[in-house]
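Per-entry structural report
Listed here are the chains, written in short residue letters.
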Amino acid sequence: MKKYLIYLLAISIASTQLASCTKDTAGAEKTLAKNMLGDKTWYMDYKQTGTTLKTYVGQSTYFINFLKNGRTNDSDGLTGTYTVEKVGSQLQIHVQAQTSSGNANEYVYDIESVGASNLILSFKVSGVQTTYYYSTK
């Protein structure tokens, strides 16, 4: 009986240890993406809607700031907060902003790619994909 209890205890400890070894990869991805976005000014280089590509390289262009404290502002005068979320397998930026006149504006972008100096965001409306290409210049 004593051997049986020791065996049962060993199995319980082993299964508890294995169950507690899960990693929060979604949390790590969100944190990394937020760190890559934060405290930079992102300038739009290109915009692609469907098959139409428009370049803004060398021009005064749209920019957006994502601050490490979760605040955001852009060249259109929108200010607010943002969060990085993982929905299914897709990282997204959720923005809650206001215009200078106080009108609420909420939008969600899929993060296609984020690096030290390049960012690609996209969204789909009525089946049409729009992709934004940013750099920190």
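Whatever comes next refers back to the structure up there.
It should be emphasised that the depicted structure is a prediction, and the values quoted were computed from it without experimental measurement.

Considerations on the overall build of the protein chain
When helices and strands are tallied, the protein chain shows two helices and nine strands. Traced from its N-terminal end to its C-terminal end, the protein chain shows the element sequence α-α-β-β-β-β-β-β-β-β-β. For the protein chain, the residues scored as buried account for 27% of the 137 residues in total. Here the protein chain has roughly 8,900 Å² of accessible surface; of this, 55% comes from carbon and sulfur atoms.

Considerations on helix α2 (residues 25-37)
With 13 residues, α2 extends 18 Å from end C-alpha to end C-alpha; this agrees with the ideal 18 Å at 1.5 Å per step. When we look at burial in α2, the residues that qualify are Gly27, Ala33 and Leu37. With its buried residues spanning 130 degrees around the axis, α2 presents them on a single face. Where α2 is buried, its residues meet β1 (40-49), β3 (63-66), β5 (79-87), β6 (90-98), β7 (104-114) and β8 (118-125). Phi for Asp39, located one or two positions after α2, is positive at around 60 degrees.

Some details on the pattern of salt bridges
For side chains bearing opposite charge, pairing can occur when the charged atoms are close. Enumeration over the complete set of coordinates arrives at two salt bridges. In this structure, Lys86 and Glu29 form a salt bridge, with 2.4 Å as the shortest nitrogen-oxygen distance. Residue Lys86 is found in strand β5, and its partner Glu29 is found in helix α2; the two are separated by 57 residues along the sequence. Accessibility expressed as a relative area gives 31% for Glu29, which makes it partly exposed. Note that Lys137 and Asp45 form a salt bridge whose closest N and O atoms lie 4.0 Å from each other. Placement of Lys137 in the segment after β9 (128-135) and of Asp45 in strand β1 is noted, with a sequence separation of 92 residues between them.

Some words on the packing of aromatic side chains
Counted according to the given criterion, the structure contains nine aromatic pairs. Taking 4.9 Å as the distance between ring centres and 65 degrees as the angle between the ring planes, the aromatic pair formed by Phe66 and Tyr82 counts as edge-to-face. In this pair, Phe66 sits in strand β3 while Tyr82 sits in strand β5, placing the two residues 16 residues apart along the sequence. Overall, the relative accessible area of 1% leaves Phe66 in the buried class. An aromatic cluster of three or more residues is present, and its members are Tyr62, Tyr107, Tyr109, Phe123, Tyr132 and Tyr134.

Let's talk about a nonpolar patch on the surface
On the surface, a cluster of nonpolar side chains totalling about 270 Å² of accessible area is made up of Tyr46, Leu53 and Val57. Inspection of the secondary structure assignment puts Val57 in the loop between β2 (52-55) and β3. Exposure remark for Val57: the relative accessible area of 47% places this residue in the partly exposed category.

What to know about the side chain of Thr131
As for its position among the elements, Thr131 is in strand β9. With residues near it in sequence (within four places) discarded, Thr131 still touches Tyr46, Lys47, Gln48, Ile120, Leu121 and Ser122.

Procedures and definitions
Residues numbered from 1 in each chain as written. Predicted model: local features only at pLDDT ≥ 70, side-chain atom pairs only at ≥ 80, totals over all residues. Heavy atoms only, no water. Helix = DSSP H or I, 4+ residues; strand = E, 2+ residues; numbered from the N terminus. Buried < 20%, exposed > 50% of the residue type's maximum accessible area, 1.4 Å probe, protein only. Areas by Shrake-Rupley, 256 points an atom, 1.4 Å probe, with all protein chains shown as cover. Expected span 1.5 Å × (residues − 1). Arc of directions from axis to C-beta. Contact = heavy atoms within 4.5 Å. Salt bridge = Lys/Arg side-chain N within 4 Å of Asp/Glu carboxyl O. Phe/Tyr/Trp six-rings, centres within 6.5 Å; stacked < 30°, edge-to-face > 60°. Patch = residues over 30% accessible without salt bridge, like charges linked within 9 Å, V, L, I, M, F, W, Y side chains within 5 Å.

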